[in-house]
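# Descriptive structure summary
The primary structure of each chain is shown beneath.
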Amino acid sequence: MMTHCVFEYLYRDAGNFKARGELLLEGRLEDADLSLLHSRFENGEHFIAEQIGVPTLYEALWQQCESGPSEEMDHVWHEFSEVRAATAEDFTRLKLWGLAKDLRTNIVNVDAWKLQLSRNWEL
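Right, let's walk through the structure included here. Not measured: the values here are computed from a predicted model.

## Quick word on the sheet that holds strand β3 (residues 46–47)
Think of a sheet as strands paired side by side through backbone hydrogen bonds, with each pair either parallel or antiparallel. A sheet is described by the order of its strands in space; here 5 strands give the open sequence β3-β4-β1-β2-β5, paired in mixed fashion. On the outer flanks of this sheet lie β3 and β5 (96–99), each paired with one strand and no other. In terms of strand pairing, strand β1 (residues 4–12) meets strand β2 (residues 18–26) through 9 bridges, oriented antiparallel. Opposite R12, over in β2, you have K18 as the bridge partner. Along the sheet, helix α5 (residues 100–108) contacts β1, β2 and β5; its crossing angle with β5, the most-contacted strand, is approximately 70°.

Written out as structure tokens, the structure is:
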């Protein structure tokens with residue numbers, strides 16, 4: 001069986017309410033890859049989900065909080081949490097998102113974070 005990993009991230013609004021996301025990836029990201037990703041993320045952890053092709057978590061948070069977009073609470077950034085080895089449970093509850101190397105490439109290819117790509121840019 002090929003190795004798999006899980007990319008964990010979140011969206012945290014200004015009130016510190018959070019929605020978490022996980023992507024099941026085929027392949028692994030080594031420590032050197034993680035160091036490279038941290039160097040590419042804004043402040044070592046923030047990214048524009050739309051720019052790297054990662055599902056956004058805004059709607060999940062709004063649904064959890066029974067609210068909608070808020071000029072005071074919402075912003076454009078998602079936050080990297082960790083990459084970990086996939087477990088047997090992950091295979092039963094997560095759909096395969098893609099290749100770890102493709103996500104790495106998407107992040108490394110970002111020259112500058114384009115805030116206007118976020119659906120929250122207009123808020």
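Still more ground to cover, so stick around.
## Observations concerning the pattern of salt bridges
Using the criterion set out here, one finds 10 salt bridges in the structure. The shortest N-O distance in the salt bridge between R104 and D33 comes to 2.8 Å. You can see R104 sitting in helix α5 and its partner D33 sitting in helix α1 (residues 31–40), a full 71 residues away along the chain. Taking relative accessible area as the criterion, D33 reaches 15% and is therefore assigned buried. Note that R119 and E59 form a salt bridge whose closest N and O atoms lie 2.2 Å from each other. Of this pair, R119 sits in the segment after α5 while E59 sits in helix α3 (residues 58–64), placing them 60 residues apart in sequence.

Thresholds applied
Residues numbered from 1 in each chain as written. Predicted model: local features only at pLDDT ≥ 70, side-chain atom pairs only at ≥ 80, totals over all residues. Heavy atoms only, no water. Pairing = 2+ DSSP bridges. Helix = DSSP H or I, 4+ residues; strand = E, 2+ residues; numbered from the N terminus. Contact = heavy atoms within 4.5 Å. Axes fitted to C-alpha atoms, helices over the stretch in contact; angles between N-to-C directions. Salt bridge = Lys/Arg side-chain N within 4 Å of Asp/Glu carboxyl O. Buried < 20%, exposed > 50% of the residue type's maximum accessible area, 1.4 Å probe, protein only.

Purely spatial values, then, with no claim about function.
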